[in-house]
Amino acid sequence: MEQAVNVGAILDDIAANFPERPVFMEVERDSALTKTTYGDFLERVNRRSLELSKDGIGNGDIVLLLEPVSKQLYIDLLALLKLGACALFLDPGMSAATMKYCLREVKPKAMIASGFYKVLATLSGLSAQIDYYRREHSSSVNALNEESPALITFTSGSSGRAKAIVRSHGFLKVQLAVLKKELAITETRIELTALPMFVLANIASGACTVLSKAGLKDPKKASVKVLKRELCISGADSILASPSLVSNLVEYLKEENSALLNLKTVFTGGGTVRADMIETAARVFPEADIITVYGSSEAEPIAHIIESERSQEDRDLSRRGAGLLVGSVIDEIELRILPLDKPDDNIKRYSNHLKKLYGGAGFEAQTGEIIVGGAHVVEHYLLKEDEIGRKLDLEGRRFHRTGDYGYLDSRGRLWLTGSVAPGNNLSYAAEEAARAVLKDNLQLAFYKNHLYIETKNSLAPVLFNKLRMALAFAGATEISTVSNIALDRRHNTKVLYKELEKRALLSGRGRLFKLGDQGLFFRLFKSIYFRGRYAHRS
């Protein structure tokens, strides 16, 4: 087996040349700081490889890893990769039924589980399924090469059923190199990351990762108090987390009237990054470059922007419906904008709106679905039927359909306006425009010409007419206040629009009045304290 083929060898050279360099830091409950060096880490990985080999794990075997983010997780992962085995990851936020579906599709030979996950595997019946597939397993495998599978993960399933993504040894090497370059990872970086797969990029770059005990698997419930303590004690100069977790940390620091001066870089992505959150983050991370990274499970990264590069004009454009600016497309990505086959009236109206925003008829931006290709873009899913509607052959090569809707401006920067799902093309653009009117840190969702506002309080009736005017470009016909807007479990950032629509129908009754009526009818209802659902049709 050649080391050049096996991505599991990423640790070897660094550990040999810099054995005392820390690969992991952990802040204990008593605030003590513990470190694990690259030399010690490599020794543990090699020892674990021997143990797994004796247990019958070898080249080509698929092994489910059900473990919390910890040193042991990465010891097991790299030990498996060194053996030529393939590691299977399931999102802890998945339901037991979804997990069982994933196992039926992938058929792992064995499972490594610990702690709560071991109990989960037993109670949910996952262990029994793996025992069944172990008996079915064939011992004949191909020699390890760059196409050999190294990692199998599943998409979140927020836009349909979860799809298996297979990353080969060759693919992982390319992706890790791209991440190192685009995230500017150096051996001196100390980073706390809430996204487990990015730890591999840190290891491949010789950097140090702070393993958090703040409960980061659920951004909504994560302890930002613990997170702040870990960032301070470890001396971390970088954090990489979902927009939801960064937003919660920002709000905590703002309420505490404090700032984190040691942070030099804040990376956020994996969901919608709101412009207002980025602006507030700049105040509590005064020494940091705040960088929005745009990508997907199948293509990470695609584009990024440093907050300092975002001009006041860019912010004003977002507030007026231009969408979310995610920055310049990286060199390694080939990006195309694929127009919708049948653009509706909203899209036609929006094209005229963009021309006005950008100064008239000279603006030639094409709005449509964002598709991407490149060496670090996953070309295939495990199941061929999952590729229908998600993969596209164009110009003699394979492109991935991101499902996002947007355009490139005259400077070649990418703007997101929504998703290609019916009723969602302008969701991001409309939500940013509405947020500029409300001027509150409220969760919003725009779906099928309907703006949902998550609040338990009443809103001044005059705001609804302002919202109608601000959202004219998106064809808004109805506005409702709801008690809860459903978000994805993984990052607690993406709105589950179909789930929202179901909940809204059950959210209770409310009064109706016409937004456009400024006469006696409007004045009569202006003083009423409205509760529940507000529906305002133009």
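Please read these numbers as outputs of a predicted model, since none were measured by experiment.

1. Observations concerning the overall build of the protein
Within the protein, the regular secondary structure consists of 17 helices and 22 strands. By residue count, 54% of the 538 residues in the protein fall in the buried class. Considering only contacts within the protein whose residues lie at least 6 apart along the sequence, 69% involve residues at least 24 apart. Of the roughly 24,100 Å² that the protein leaves accessible, carbon and sulfur atoms contribute 51%.

2. Quick look at the nonpolar core
Phe-41, Leu-77, Leu-78 and Ile-203 are the most contacted members of the largest nonpolar core, which has 48 residues in total. Examining the composition of this core, we find that 8 residues originate from one element, helix α3 (residues 71-82), more than from any other. With 32 residues, the next largest nonpolar core counts Leu-354, Ala-433, Leu-444 and Phe-473 among its residues.

3. Here we look at unusual backbone geometry
Pro-301 follows Glu-300 through a cis peptide bond whose omega is -5°. Of note, Pro-301 is situated in strand β13 (residues 299-306). The phi dihedral of Ala-184 falls on the positive side, at around 50°, and the residue is not glycine. Take Ala-184: it is sitting in the loop between α7 (169-182) and β8 (190-193).

4. Some words on the confidence of the model for the protein
Of the residues in the protein, 88% reach a pLDDT of 70 or more, and the chain-wide mean stands at 85. When pLDDT is averaged over each helix and strand of the protein, the minimum, 40, is found for helix α17 (residues 520-526) and the maximum, 98, for strand β9 (residues 208-210). Counting contacts from residues 506-538, a segment whose pLDDT is below 50, to residues more than four positions away or on other chains yields 68 contacts.

5. Section: the environment of Val-166
By secondary structure assignment, the location of Val-166 is in strand β7 (residues 164-168). A sequence separation of 213 residues divides Val-166 from Glu-379, and the C-alpha atoms of the two residues are 9.4 Å apart. Setting aside chain neighbours within four positions, we find Val-166 in contact with Pro-149, Leu-151, Ile-152, Val-378 and Leu-382.

6. Examining the side chain of Ser-212
Tracing the backbone shows Ser-212 in the loop between β9 and α9 (224-234). Here the side chain of Ser-212 touches Ala-214 through a polar contact of 3.0 Å, landing on its backbone nitrogen.

7. Quick look at the sheet that holds strand β4 (residues 86-89)
Within a sheet, neighbouring strands are paired by backbone hydrogen bonds and run either parallel or antiparallel to one another. Pairing is mixed in the open sheet, where 5 strands are placed in the order β5-β3-β4-β6-β7. Two strands in the sheet have a free side with no partner beyond their single neighbour: β5 (110-113) and β7. Direction aside, neighbouring strands of the sheet carry axes that sit 25° apart on average. Inspection of the sheet shows β4 paired to strand β6 (residues 149-154) by 2 bridges, in the parallel sense. Bridge assignment links Ala-87 to a residue of β6, and that residue is Leu-151.

8. Things to note about the packing of aromatic side chains
Evaluated as defined, the whole model comprises 6 aromatic pairs. Ring geometry for Phe-24 against Tyr-74: centres 5.9 Å apart, planes inclined by 35°, an arrangement best described as tilted. Of this pair, Phe-24 sits in strand β1 (residues 22-27) while Tyr-74 sits in helix α3, placing them 50 residues apart in sequence. Given the relative accessible area of 1%, Phe-24 is considered buried. You can call Tyr-74 buried: its relative accessible area is 2%. Members of the aromatic cluster, joined through ring pairs, are Phe-24, Phe-41 and Tyr-74. Just above the ring of Tyr-381 sits the side chain of Lys-391; from NZ or CZ to the centre is 4.8 Å. The positively charged end of Arg-397 is found above the aromatic ring belonging to Phe-399, 5.9 Å away from the centroid.

9. Describing helix α8 (residues 198-205)
When you tally the buried positions in α8, you get 7 out of 8 residues, the bulk of the element. Looking at α8, one finds that the buried residues are Phe-198, Val-199, Leu-200, Ala-201, Asn-202, Ile-203 and Ser-205. With its phi angle positive at about 80°, Gly-206 sits one or two positions after the end of α8.

10. Some details on the sheet that holds strand β22 (residues 478-482)
Read from one edge of the open sheet, 3 strands run β20-β21-β22, paired in mixed fashion. With one partner strand each, in any of the chains shown, β20 (444-447) and β22 form the two edges of the open sheet. With strand direction ignored, the average angle separating the axes of adjacent strands in the sheet is 20°. Packing against the sheet, helix α14 (residues 427-438) makes contact with β20 and β21 (450-454), and its axis sits at approximately 135° to β20.

11. Brief notes about the pairing of β8
Because side chains alternate across β8, one face comprises the buried residues Ile-190 and Leu-192, and the other comprises Glu-191 and Thr-193, equally buried. Across 3 bridges, the pairing between β8 and β9 is parallel. Bridge pairing in β9 links Glu-191 to Thr-209. For the handedness criterion, the β-α-β arrangement of β8, α8 and β9 is classed as right-handed. In this sheet, strand β10 (residues 238-241) lies alongside β8 in parallel orientation, the contact comprising 3 bridges. Bridged to Leu-192 within β10 is Ile-239.

12. Side note on the environment of Thr-153
Here Thr-153 shows up in strand β6. Residue classification places Thr-153 among the buried residues on the basis of a relative accessible area of 11%. In terms of polar contacts, Thr-153 uses its side chain to reach the side chain of Arg-167, at 2.7 Å.

13. What about the pairing of β4?
Going residue by residue along β4, you find Cys-86 and Leu-88 tucked away on one face and Ala-87 and Phe-89 tucked away on the opposite face as well. Two elements, strand β3 (residues 62-66) and β4, share 4 bridges in a ladder whose sense is parallel. What sits directly across from Leu-64, in β4, is Leu-88. Taken together, β3, α3 and β4 constitute a β-α-β crossover, and its handedness is right-handed.

14. A few points about α14
Helix length check: α14, at 12 residues, gives a terminal C-alpha distance of 16 Å against a target of 16 Å (1.5 Å per residue), a fit within 8%. Buried residues dominate α14, accounting for 11 of its 12 residues. Within α14, the full set of buried residues consists of Ser-427, Tyr-428, Ala-429, Ala-430, Glu-431, Glu-432, Ala-433, Ala-434, Arg-435, Val-437 and Leu-438. Where α14 terminates, the next one or two residues include Lys-439, which has phi positive at roughly 55°.

Criteria and cut-off values
Residue numbering note: each chain is counted from 1, following its sequence as written. Two thresholds apply to this predicted model, a pLDDT of at least 70 for residue-level local features and 80 or more for giving and counting side-chain atom pairs, whereas whole-chain, interface and lining totals are computed over all residues. Values reported for side chains reflect all heavy atoms of the structure, with hydrogen atoms and water molecules removed beforehand. Helix numbers and strand numbers start at the N terminus; a helix is a DSSP run of H or I with at least 4 residues, a strand a run of E with at least 2. Each residue's exposure class comes from its accessible area (1.4 Å probe, protein chains only) as a fraction of the maximum for that residue type: buried when under 20%, exposed when over 50%, partly exposed otherwise. Should any heavy atoms of two residues lie within 4.5 Å, those residues are considered in contact. The accessible surface values rely on the Shrake-Rupley method and a 1.4 Å probe; as for residues, cover is taken only from the protein chains in view. Remark: nonpolar core denotes a set of buried residues (Ala, Val, Leu, Ile, Met, Phe, Trp, Tyr, Cys) joined through side-chain atoms within 4.5 Å. pLDDT is a residue-level measure of predictor confidence that goes from 0 to 100. We call two N or O atoms a polar contact when they sit within 3.5 Å, provided that within protein one can donate a hydrogen and the other can accept it, with sequence-adjacent residues counted only if both atoms are side-chain atoms. Two strands pair if DSSP finds at least two bridges between them. Lines are fitted to the C-alpha atoms to define the axes, a helix being fitted only along its stretch in contact, and any angle between axes, read from their N-to-C directions, falls within 0 to 180 degrees. For this analysis, a ring pair means two rings from Phe, Tyr or Trp (six-membered ring only for Trp) whose centres lie within 6.5 Å, classed as stacked if their planes differ by under 30 degrees, edge-to-face if by over 60, and tilted for the remaining angles. Only when the NZ of Lys or the CZ of Arg is both within 6 Å of the ring centre and within 35 degrees of the ring normal is a charge said to sit over the ring. Convention used here: a crossover is right-handed provided that the path from the first strand, over the helix, to the second strand proceeds clockwise when the strands point away from the viewer. Expected helix span is computed as 1.5 Å times (number of residues minus one).

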